[in-house]
Amino acid sequence: MARYEPKTAEPRQQARWAAADAFRTPTEGTGRPKYYVLEMFPYPSGNIHMGHARNYVMGDVVARSRRAQGFDVLHPMGWDAFGLPAENAAIERGVHPGDWTWSNIAAMRDQLKLLGLSLDWSREFATCDPAYYGKQQAWFLELFRRGLVYRKDSVVNWDPVDNTVLANEQVVDGRGWRSGAVVEKRKLNQWFLRITDYADELIEGLKELEGRWPDKVRLMQENWIGRSKGLQMTWAWAGEAPAAAPDGLEIYTTRPDTLFGASFMGLAPDHPISKELAEASPEVAAFVAECRKGGASQADIEQAEKIGFDTGFKVRHPFTGAEVPVWIANFILSEYGTGAIFGCPAHDQRDFEFASKYGLPILPVVKPDGAGDDFAVADEAYTGPGAIFRSEFLDGLDIEAAKAEAIQRIEAAGAGKGATIYRLRDWGVSRQRYWGCPIPIIHCPSCGAVPAGQLPVELPRDVTFDVPGNPLDRHPMWKHVKCPSCHGDATRETDTLDTFVDSSWYFARFADPTAEDPISKAAADRWLPVDQYIGGVEHAVLHLLYARFISRALSDAGLMSVKEPFAGLFTQGMVVHETYFDGTDEVGRPNWVEPSDVRIETVDGRRVATRLSTGAVLSIGDVEKMSKSKKNVVAPQEIVDAYGVDAGRLFVLSDSPPERDVQWTTGGVEGAARFVQRVWAEVDGFDPSVAGDEQANASLVRETHKAIKAVSEGIEGFRFNSAIAKLYAFLATVREHGAAGGAAKREALSALLRLVAPFTPHVAEEGWTRLGEEGMILDAPWPVWDPALAADDEVVLPIQINGKRRGEIRVARGLEPAEVEAIVLADAEVQGRLEGLTVRKVVVVKDRIVNLVAN
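From a predicted model like this one, the values you see are computed outputs, not experimental measurements.

The helix and strand tally for the chain stands at 26 helices and 35 strands. In terms of overall dimensions, the chain has C-alpha extents of about 105 × 85 × 65 Å along its principal axes. Taken across its 855 residues, the chain has 52% of its residues classed as buried. Contacts in the chain between residues far apart in sequence, at least 24 positions, make up 71% of those at least 6 positions apart. For the chain, the accessible area works out to roughly 37,100 Å², and carbon and sulfur atoms hold 49% of it. The chain carries 94 positive and 121 negative side-chain charges, and their two centres are separated by 2 Å.

Counting across every chain of the model gives three cavities of 30 Å³ or more. Taken as a whole, the largest cavity holds about 100 Å³ of empty space. Lining of the largest cavity is provided by Trp 17, Arg 64, Ala 68, Arg 754, Ala 757, Pro 758, Pro 761, Glu 765, Ile 777, Leu 778, Ala 780 and Trp 782. Contributing elements (two or more residues each) for the lining of the largest cavity: helix H2 (50-68) and helix H23 (761-770). Among the residues making up the lining of the largest cavity, the classes are represented as nine nonpolar, no polar and three charged. Computed from the structure, the second largest cavity encloses a volume of approximately 50 Å³.

This part covers the sheet that holds strand E8 (residues 227-235). As summarised here, the arrangement of the three strands in space is E9-E8-E16, forming an open sheet in which the pairing is antiparallel. With one partner strand each, in any of the chains shown, strand E9 (249-253) and strand E16 (416-422) form the two edges of the open sheet. Across the sheet, the mean angle separating the axes of adjacent strands is 30° when strand polarity is ignored.

For the structure shown, the criterion picks out 45 salt bridges. Notably, a salt bridge pairs Asp 120 with Arg 123, separated by 3.2 Å at the nearest N-O pair. Take Arg 123: its relative accessible area is 13%, and that puts it in the buried class. Across the pair Lys 367 and Asp 373 runs a salt bridge, and its minimum N-O distance is 2.6 Å.

This paragraph deals with helix H20 (residues 694-716). The end-to-end C-alpha separation of H20 is 33 Å, in line with the 33 Å expected for 23 residues at 1.5 Å each. All buried positions along H20 are accounted for by Asn 697, Leu 700, Val 701, Thr 704, His 705, Lys 706, Ala 707, Ile 708, Val 711, Ser 712, Gly 714 and Ile 715. Positive backbone phi, approximately 60°, marks Phe 718, located one or two places after H20.

A few words now on the environment of Ala 547. Assignment of secondary structure puts Ala 547 in helix H16 (residues 542-556). Those residues in contact with Ala 547, other than ones at most four positions away along the chain, are Ser 504, Phe 507, Pro 565 and Phe 566.

Bringing the nonpolar core into the picture now. Grouped together as the largest cluster of nonpolar side chains are 153 residues, with contacts concentrated most on Tyr 506, Phe 507 and Phe 759. Counting residues per element, this core draws most heavily on H16, at nine residues. Filtering out sequence-adjacent residues up to four positions away, Phe 507 remains in contact with Tyr 36, Leu 38, Leu 528, Val 530, Ala 547, Ser 551, Pro 565 and Phe 566. If you look at the next biggest cluster of nonpolar residues, it comprises 44 residues, including Met 233, Leu 277, Val 326 and Cys 344.

Analysis parameters
- Residues numbered from 1 in each chain as written.
- Predicted model: local features only at pLDDT ≥ 70, side-chain atom pairs only at ≥ 80, totals over all residues.
- Heavy atoms only, no water.
- Helix = DSSP H or I, 4+ residues; strand = E, 2+ residues; numbered from the N terminus.
- Buried < 20%, exposed > 50% of the residue type's maximum accessible area, 1.4 Å probe, protein only.
- Contact = heavy atoms within 4.5 Å.
- Areas by Shrake-Rupley, 256 points an atom, 1.4 Å probe, with all protein chains shown as cover.
- Lys, Arg positive; Asp, Glu negative; His and termini not counted.
- Charge placed at Lys NZ, Arg CZ, Asp CG, Glu CD.
- 1 Å grid on protein atoms, 1.4 Å probe; cavity = no way out; pocket = protein on both sides within 12 Å on 5 of 7 lines; lining within 4 Å.
- Points joined across faces, edges and corners; volume = space filled by probe spheres on them.
- Nonpolar A, V, L, I, M, F, W, Y, C, P; charged D, E, K, R; others polar.
- Pairing = 2+ DSSP bridges.
- Axes fitted to C-alpha atoms, helices over the stretch in contact; angles between N-to-C directions.
- Salt bridge = Lys/Arg side-chain N within 4 Å of Asp/Glu carboxyl O.
- Expected span 1.5 Å × (residues − 1).
- Core = buried A, V, L, I, M, F, W, Y, C linked by side-chain atoms within 4.5 Å.

Below you can see the structure in the form of structure tokens.
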């Protein structure tokens, strides 16, 4: 019996697929239903590791199984190719961002092809190709004409060394992630997309996704949009009034029930009153400048130390008439509500920290159920449910009733009204960098902002990065053009688009990447929405939210029909790996060691890591996400060389549920490689002339149908690890029959190969040929189970005693409750658990559970 050799078999099968153009997406007219599988497309960093591979292999399992089930499958691949990393590489390596990006794409394409993925490479594109971003510019201008694109001043994260805007994720501990400079909050003129126009629609659309999207992702999006109902009101001044707001201080609150707990008013550092004071007082100006340091996101602001400045102004409480001081505070966002709040320290943690620092009153007005009127907060604000107290006409009401009553009173007094606002802000898409999609706008002194006359507006190649900042700003020719409208002297917009714009519509372009229009409506109607989208949960908010918004905007513009782009979403876990380090450098950072340079041994019951190249004993660090910076990555080529592609594919899906992290271990991938060898051995050793025992054959047929059912349901439910566990068990059953079995064994092997094909396609193809089947297993139909044969004859019932699980028992399926009760009470283990107790009641849920009530 010949050993299976993946080094020769896997390239052979990949060559067969390539020669047959096997994965090209079928054209219309086949009569089969469609299925669109898409993994979030990668940034071309130059290398992939088995952490990346897990994502693509999951999609491949779905694509291959759906194809076998009779679907026309669209399974494309492309590259999210613009962005700062390429620009930084240009600066650090002295290369052009385009050269660096395209060379990385070539390398990563080869690495992905190693994995045997059923991708339609004929649809490949990169977002840095003018053929793609020119179409993006076309729909951007359509949204501009429809009023969904505009320009305004906005507070941004500004790196004073790199002279660029940073995304919130690029601010680390208040400093630029690359330069290390203290980040400033600066107001710049920026381009925006009106995503807020779609806020309600985006929230309501989440209801359509229930059951096909993870609940946590839908909740994260709903919270990010942050629709809240509250009170917008004006507090009258007590004494002197600032010129910036002579008629009173307007605030918005979602907690009008706590108005009686107000102890201060807070202004954002860039509120008009704050600006007025800063212009007149160097002390206030210095404080406002201090507030500008650090990140501009709400998370950064909330985590920063709370600091404030007493303006000296006071307002009058609308119900009590008490005077309340007005402070400028660094944790208040100007873009939320009115940029001013009333502070209730007893029931808001930020207000609590601020009041505690500056000795302001902390006045509880909500008490937990069961608490008395002496309730007080100690170390943190109380934000839970309860009853209102110390609040005159609101006393005794619950929170929601008190909100309604407070709003009604304020409205009756003419001091405000109930209002709905959103946490969501319009999407700022300007980036002060070179390597991005040029914004196709020309600025004319006479005509204003004018759409570029000819698309694509291509990036000039002749740029330099010898000085900080955006090289487009100083390009001697590209920047200076004639106005398309009046033909006078004008300048191009030098900001480029946020890369989230590039990824907000790529799934629609895949429907027909050669279309003259940005989106082929006919092709999009054929393929969209994406039936199964797969990617990391880190994109749960921004990328997915922006894609949902752009789909709606483009649909309203008549460019496509579908508004919800992703019908199904799965967020996979990561592949993690131990880290190893050999001492520390001069500043105390670990010197990470590549896993390939490490030998692990067990000495006296303790795991010891040794560096192969030096013999040094290493420290073993935490299990962490595969990362080049930690040098704990495992490259696909390493696995191909050592174990074969199929073993690597199988392992990344077999060791844990796909939504959880999987720890990479050499033992795990070796076990997967052994499974591949056993599959081949059973097929290679099959002797159809040996009929076998009739009863054993009947049993094998039943086990075959059970396996088909279990694996099919596992793939359908994204329980890949469960499906693989059943494959392991089924293979063991097949092996128990030895060479015997005849038709039953052949049927079992045929089903086994078709079931493993989505996971280990290469050995499945080899086995299919060895079994004497025609064509490729890739084109073979998915096996179908007979419900009667797939039904289990027995069922395992959990046994509870007084509501706690105390064991289980295996009984024939379908037994009546009285029969089950007799078996359970006669069981020796159950009798031991019941020693000293009297059974009062036995509850049997047929084929589900047994609960004994005893005392």
